[in-house]
Amino acid sequence: MAGQRRHRYFSRSLRATALAVALVLPVSLISQPAAQAVEEQLPACADPSVPEDVNHASIRLEGPAAGSTVAVDANGKIALTGFLHKGATMVDVSIEKATSSSFTFGPPPPGETNWSASWTTSMRPQNLGPVTACSRAEREPGRYARILRDITVVDLIPPSNVSGLAVGSVTATGARVSWNAATDNYGLAGYEVRVDGGTPHRTTVGTRSYTITGLEPSSSHTVSVVAVDLAGNRSTAPATASFTTTALPPPPDVDPGLTLDPEQGSATASWKPQPATEASYRAYLDGQVYDEFPLDQFCEDGSGNVDGPCTADSVVKLPIVPLEEYTRYAFKVEALRADGTVARELAGEFTTMVHFQEVSESTTETSVSEASQCAGAGGDLYVAASARADVPVPAGSTEIFTGCYRAADTSCIEAFLPPSGEKLMDCADDITDTLFAVAPSGRGPVISSIAEEQTARFLAKPPLLPLTLCANGACTALLAPAVETAKVAVAAPAAAAGTSWLVVIGAGIGIGVALGTLLAILFPGEIGINGILEYPIDHDVDFDTFDNWGADDGEWYNSLKVYAEVIKTTKLVAGQHNLPFAWDSAEDGRLKRVIDAACTAQRGTQGTAGCDDDIVVYVPGAKNYLGVDMKETGTHIVEAMGNGSYPQPPTRAQWFYPARSKDGAKARAKGYSHRWFRTLQFRPNACEPFPRGKTCDEFPFWTTDQAVDLSGQTADVKLVPTTESGPQGNDVGGFYVKCDVDDEDKFVVLPVKPWVDAGGPSFGFKLSGGGVSLCMPPSPPAPGGP
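Conventions adopted
- Residues numbered from 1 in each chain as written.
- Predicted model: local features only at pLDDT ≥ 70, side-chain atom pairs only at ≥ 80, totals over all residues.
- Heavy atoms only, no water.
- Helix = DSSP H or I, 4+ residues; strand = E, 2+ residues; numbered from the N terminus.
- Buried < 20%, exposed > 50% of the residue type's maximum accessible area, 1.4 Å probe, protein only.
- Contact = heavy atoms within 4.5 Å.
- Areas by Shrake-Rupley, 256 points an atom, 1.4 Å probe, with all protein chains shown as cover.
- Core = buried A, V, L, I, M, F, W, Y, C linked by side-chain atoms within 4.5 Å.
- Disulfide = S-S within 2.5 Å.
- 1 Å grid on protein atoms, 1.4 Å probe; cavity = no way out; pocket = protein on both sides within 12 Å on 5 of 7 lines; lining within 4 Å.
- Points joined across faces, edges and corners; volume = space filled by probe spheres on them.
- Nonpolar A, V, L, I, M, F, W, Y, C, P; charged D, E, K, R; others polar.
- Pairing = 2+ DSSP bridges.
- Axes fitted to C-alpha atoms, helices over the stretch in contact; angles between N-to-C directions.
- Polar contact = N/O pair within 3.5 Å; in protein donor to acceptor, adjacent residues only side chain to side chain.
- pLDDT = per-residue confidence, 0-100.

## With respect to the overall build of the protein chain
A count of helices and strands for the protein chain gives 13 helices and 39 strands. The buried share of the protein chain, reckoned over its 786 residues, is 54%. Long-range contacts, defined here as pairs at least 24 residues apart, represent 70% of the contacts in the protein chain between residues at least 6 apart. Within the structure as shown, the protein chain displays about 32000 Å² of accessible surface, and the carbon and sulfur contribution to it stands at 52%.

Encoded structure:
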């Protein structure tokens, strides 16, 4: 285990060295080259002997003039010119952190001595706006001279016009548009899409398509697209295209006598039985046998109660689960006589519904695009639209555009940008002061919670999760609610942008990707801890003030975030829903054991290990996240995974960490069907006999790579009420969509026994370097509820 910790983080001796260096060196030098490199050449523009902004006798900077505004050229560069006197040698020219040592030399300018020489160079500034240009020469061995000059860089050239605008996938209520990439001399921030001249919708530079929704059937529309560059310039002529939505389609083709009721991840097929001629039924989904069952299996009376024997006044209600959201399916049922012949057929089609997204794709695209533009325009802080009411703008800041600010003092954070590795910013400026102002009072990672709009009683405002976003060498700090920031971090690479997390801690602000490493430096542990079960923390801790995140060399940093999110969310939701739930020391210990076991499975190691970064966690409940009952289904997951203790047999521990298999493709590829537990290969099992009003629940889920016996052992099955099939299908499907679990993505299943016992709803969350975001929050109580 110790060896694994050394592999994952720094060795302890290296940590100690890193901490010593961080404490001794000035902040601006922590990330500089080794000493011998400094002796060969000073860092760009570093010469404390000549600090004044004057022309030194050995070097001249002729252009641009001090205080001037300089526009980048067609290549995104600006020209710098000057000359040298005898004996001086040009070293480099820099604009902020961009440096060039490539020069063109020529004869001296008129009026200068013959032994001088002129020089010119051109370079791309990392950002627009106010910058400092510096030219540096070596006057004599070991002695340097420099000239500083403050200028303002602008970009006046608009991006190219967008070409190839095309409209496709036209429906009665929308369409999808796509276009070719535009070009720009300095750099693109993204694109703006307008429908009928309305509100612009931003996409990132890497997203050249947009889905239009909410239109009327048989209506005509015009869509336009322009490119937006980092200076905010737009294409001179928008690309336009017109289209007409289709007529409203006819209702789904469903035979009389058959009712199909789709939800997000499930559907119910209903029909009246004919007991005089029908003995059983065979159902098909998309041409494949879905189920076969006797006449009485799914019969209900007019009040929805289990009915048997089935009469002509009963209703057969077959749950169809699990299904993918917004997908069209074909269903057919054959009513069979006692001899197996077909008495009648009923068939129809249906389309499942769409899960509501906590943060829309459009919101994420806008934040990434505008943050990229903010960085390129010289902005130091970008505040997403959803957080602008909660962020104090630094005094003296200049607003470049809405939500983007250039701070008066960035002397601290600028020394660490662009980020490299994990660092501690133990200094202060306007940006770090702002980060401290919005951070949890106890510092440490942001632990998300239920959304503000759900209830003002439990949360004053959503927690804000900061990160840095860098594009083309220019960086800005971004502030947004935790769930939105997590989505920005995922979307940024497609926009050619990089991100690093910012975590406020007592000693300063951590910046980097794997911040467990930083915590290992700040909190070196002399005594090893074998899991969070032994960690000095309990359920009564206020995670907004907790500050000991790094004990045992930061090994348990991510496991602690899982623990904190579960404790915090269950407490808040229990109060919101008036549930008979409270943590005690015994249940607290059981939760820690389950988290240790789940994180060890996630790491794929032996013994006990902490979780990694960037994982997604599903916590099943007695109700689904929409508040619909699935008590026995949630209990089944808990029991299958050890009933609050360790799974038995121990090989079931792998079930904590499955991968999604869309529509059960992994199980289907092995020749299995939804009714696998009824086949001779897997009989007898706990789903026999098969009473009326019950269905067979399986764990691991059918939609994972551990379904049936794919994990090397047979899935656990249990009879549960038929009425719970749909709610569970909607719950698991909602988790996949809301928490961005794509096909073959891994996730953690974390069953919490006391939460299910108390009737708590399911929820899901994401771990990142900066904290935790609640991607599938439980729905609030219905109006008039507690």
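Let us keep going from here.
## Quick word on the nonpolar core
One finds Tyr-535, Val-619, Phe-735, Leu-750, Trp-755 and Phe-765 to be the most contacted residues of the largest nonpolar core, which totals 66 residues. Top element by residues in this core is helix α8 (residues 557–577). It accounts for nine residues. Residues in contact with Trp-755, not counting those within four places in the same chain, are Thr-570, Val-573, Ala-574, Leu-579, Phe-581, Val-619, Pro-620, Gly-760, Pro-761 and Phe-763. In terms of nonpolar packing, the next biggest core, distinct from the first, is built from 26 residues, Leu-84, Ala-88, Ala-137 and Ala-145 among them.

## Description of the state of the cysteines
Counted according to the given criterion, the structure contains seven disulfides. Cys-599 shares a disulfide with Cys-611; S-S distance 2.0 Å. Disulfide Cys-599-Cys-611: the torsion about the S-S bond is -90 degrees, which places it as left-handed. Here the residue Cys-599 occupies a position in helix α9 (residues 585–603), and Cys-611 occupies one in the loop between α9 and β34 (616–619), the gap between them amounting to twelve residues. For Cys-599, a relative accessible area of 2% translates into the label buried. By relative accessible area, Cys-611 is classed as buried at 1%.

## Remarks on the layout of surface pockets
Of the voids in this model, the largest pocket is the one considered here, and its volume is about 1500 Å³. Taken together, 41 residues line the largest pocket, and the ones lying closest to its centre are Thr-211, Thr-213, Tyr-326, Val-354 and Glu-361. Of all the secondary-structure elements, those providing two or more residues to the lining of the largest pocket are β11 (175–178), β13 (201–204), β14 (209–212), α4 (361–376) and α6 (482–491). Tallied by class, the residues present in the lining of the largest pocket amount to 15 nonpolar, 18 polar and eight charged.

## Details of the sheet that holds strand β38 (residues 763–768)
Strand order in this open sheet of five strands is β29-β39-β38-β34-β37, and the pairing throughout is mixed. Two strands in the sheet have a free side with no partner beyond their single neighbour: β29 (446–447) and β37 (748–749).

## Side note on the sheet that holds strand β20 (residues 288–294)
With antiparallel pairing, the four strands of this open sheet are ordered in space as β20-β19-β23-β24. A single partner strand is all that each edge strand has here, and the edge strands are β20 and β24 (342–351). In this sheet, neighbouring strand axes are inclined to one another by 15 degrees on average, regardless of whether the strands run parallel or antiparallel. Relative to β24, strand β23 (residues 328–336) is paired through nine bridges, and the arrangement is antiparallel. Of the residues in β24, the one forming a bridge with Val-333 is Leu-346.

## As for helix α5 (residues 430–438)
Inspection of α5 places Asp-430, Ile-431, Thr-432, Thr-434, Leu-435 and Val-438 among the buried residues, and these make up the whole buried set. Looking at the buried positions of α5, the neighbouring elements they touch are β25 (381–383), β30 (464–471), β31 (474–481), β32 (498–505) and β33 (508–512). Sitting at the amino-terminal end of α5 is Asp-429, which places a side-chain oxygen 3.0 Å from the backbone nitrogen of Ile-431.

## Focus on the side chain of Thr-570
With respect to the helices, strands and loops of the structure, Thr-570 is situated in helix α8. Residues within four places of Thr-570 in sequence aside, it is in contact with Phe-581, Trp-583, Trp-755 and Phe-763.

## A look at helix α10 (residues 631–640)
Of all ten residues in α10, seven are buried, a share of seventy percent or more. Turning to α10, its buried residues number three or more, namely Thr-633, Gly-634, Thr-635, His-636, Ile-637, Val-638 and Ala-640. Note on α10: the residue one or two positions beyond its end, Gly-642, has a positive phi of about 105 degrees.

## Some remarks on the environment of Glu-325
Residue position: Glu-325 is located in the loop between β22 (315–320) and β23. Distance from Glu-325 to Asn-730, taken between C-alpha atoms, is 8.8 Å for residues 405 residues apart in sequence. Once residues lying within four places of it in the same chain are set aside, the contact partners of Glu-325 are Gln-264, Thr-352, Met-353, Val-354, His-355 and Val-737. In this structure the side chain of Glu-325 is engaged in a polar contact, spanning 2.7 Å, whose partner is the backbone nitrogen of His-355.

## Comments concerning the confidence of the model for the protein chain
Residues of the protein chain with pLDDT of at least 70 account for 88%, and the chain-wide mean is 86. In this model residues 1–41 is a low-confidence stretch, pLDDT under 50, and it forms 52 contacts with partners more than four residues away in sequence or in other chains. Between residues 451–460, whose pLDDT stays under 50, and residues either more than four places distant or in other chains, the model counts 18 contacts.

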